[in-house]
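Residue-level structure breakdown
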Amino acid sequence: EVQLEESGGGLVQAGGSLRISCIYSGFIFEDYAIGWFRQRPGKEREGVACISYPDRGKYYTDSVRNRFTISKDGAINTLYLQMDDLWPEDTAIYSCALERQLWGQHCLRPYSFTNWGQGTQVTVSA
């Protein structure tokens, strides 16, 4: 059964760090395009960071570049997002998503993905 599950969210003060994880299962291929997305209060879902496939590039939205780092461990089907220097504006529900093949910056577009987790809440206090 296809499943993605996020974990690691929580409450952090501005300037702090947090690492969230996404474990995915039920997919038959060795690798995929995969990314992190978020929905901030009152706003639409947006791409945060992603890894394209098969070109394996890493892409970030401008507001998180140099603060967030995306990585994955394909051997254990786990995606990570290391978040440093968090801002209150980063407060959102963070979700992971997976797709068979997405080239380049296409992996930052939420509508490119069809497989989604339920999300984990990240709250950053001022």
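The structure this text deals with has already been given above.
Section: the overall build of the chain
Secondary structure assignment for the chain yields zero helices and 11 strands. In the chain, the order of α-helices and β-strands from amino to carboxyl end is β-β-β-β-β-β-β-β-β-β-β. Relative to the 2.2 N^0.38 estimate, which gives 14 Å for 126 residues, the radius of gyration of the chain is 14 Å and therefore close to what a compact globule would have. Structurally, the chain occupies a C-alpha span of about 45 × 25 × 25 Å along its principal axes.

Regarding the pairing of strand β1 (residues 3–7)
Residues Leu4 and Glu6 point to one face of β1 and are all buried, whereas Gln3, Glu5 and Ser7, pointing to the other face, are not buried. Bridge count for β1 against strand β3 (residues 18–25) is five bridges, and the pairing is antiparallel. Its bridge partner being in β3, Glu6 is matched across the sheet by Cys22.

Focus: the sheet that holds strand β8 (residues 78–83)
Backbone hydrogen bonds hold the strands of a sheet together, and the pairing may be parallel or antiparallel. Here we have four strands laid out as an open sheet, ordered β1-β3-β8-β7, and antiparallel in their pairing. In the strand order of this sheet, the two ends are held by β1 and β7 (68–73), each with one partner. The average undirected angle you get between the axes of adjacent strands in this sheet is 15°. Of the strand pairs in this sheet, β3 and β8 are connected by six bridges, and their pairing is antiparallel. Across the sheet, residue Ser21 finds its bridge partner in β8, namely Tyr80.

Some words on the pattern of salt bridges
Working definition: two side chains of opposite charge can pair if their charged atoms are close together. With the rule as written, the count across this model stands at seven salt bridges. The closest approach of N and O atoms between Asp31 and Lys72, which form a salt bridge, is 2.5 Å. Taken together, the residues span a long stretch of sequence, with Asp31 in the loop between β3 and β4 (33–39) and Lys72 in strand β7 at a distance of 41 residues. Overall, the relative accessible area of 26% leaves Lys72 in the partly exposed class. Residue Glu46 pairs with Arg38 through a salt bridge whose shortest N-O separation is 2.9 Å.

Calculation criteria
Residues numbered from 1 in each chain as written. Predicted model: local features only at pLDDT ≥ 70, side-chain atom pairs only at ≥ 80, totals over all residues. Heavy atoms only, no water. Helix = DSSP H or I, 4+ residues; strand = E, 2+ residues; numbered from the N terminus. Rg over C-alpha atoms; globule rule 2.2 N^0.38 Å. Buried < 20%, exposed > 50% of the residue type's maximum accessible area, 1.4 Å probe, protein only. Pairing = 2+ DSSP bridges. Axes fitted to C-alpha atoms, helices over the stretch in contact; angles between N-to-C directions. Salt bridge = Lys/Arg side-chain N within 4 Å of Asp/Glu carboxyl O.

Nothing here speaks to function; it is all geometry.
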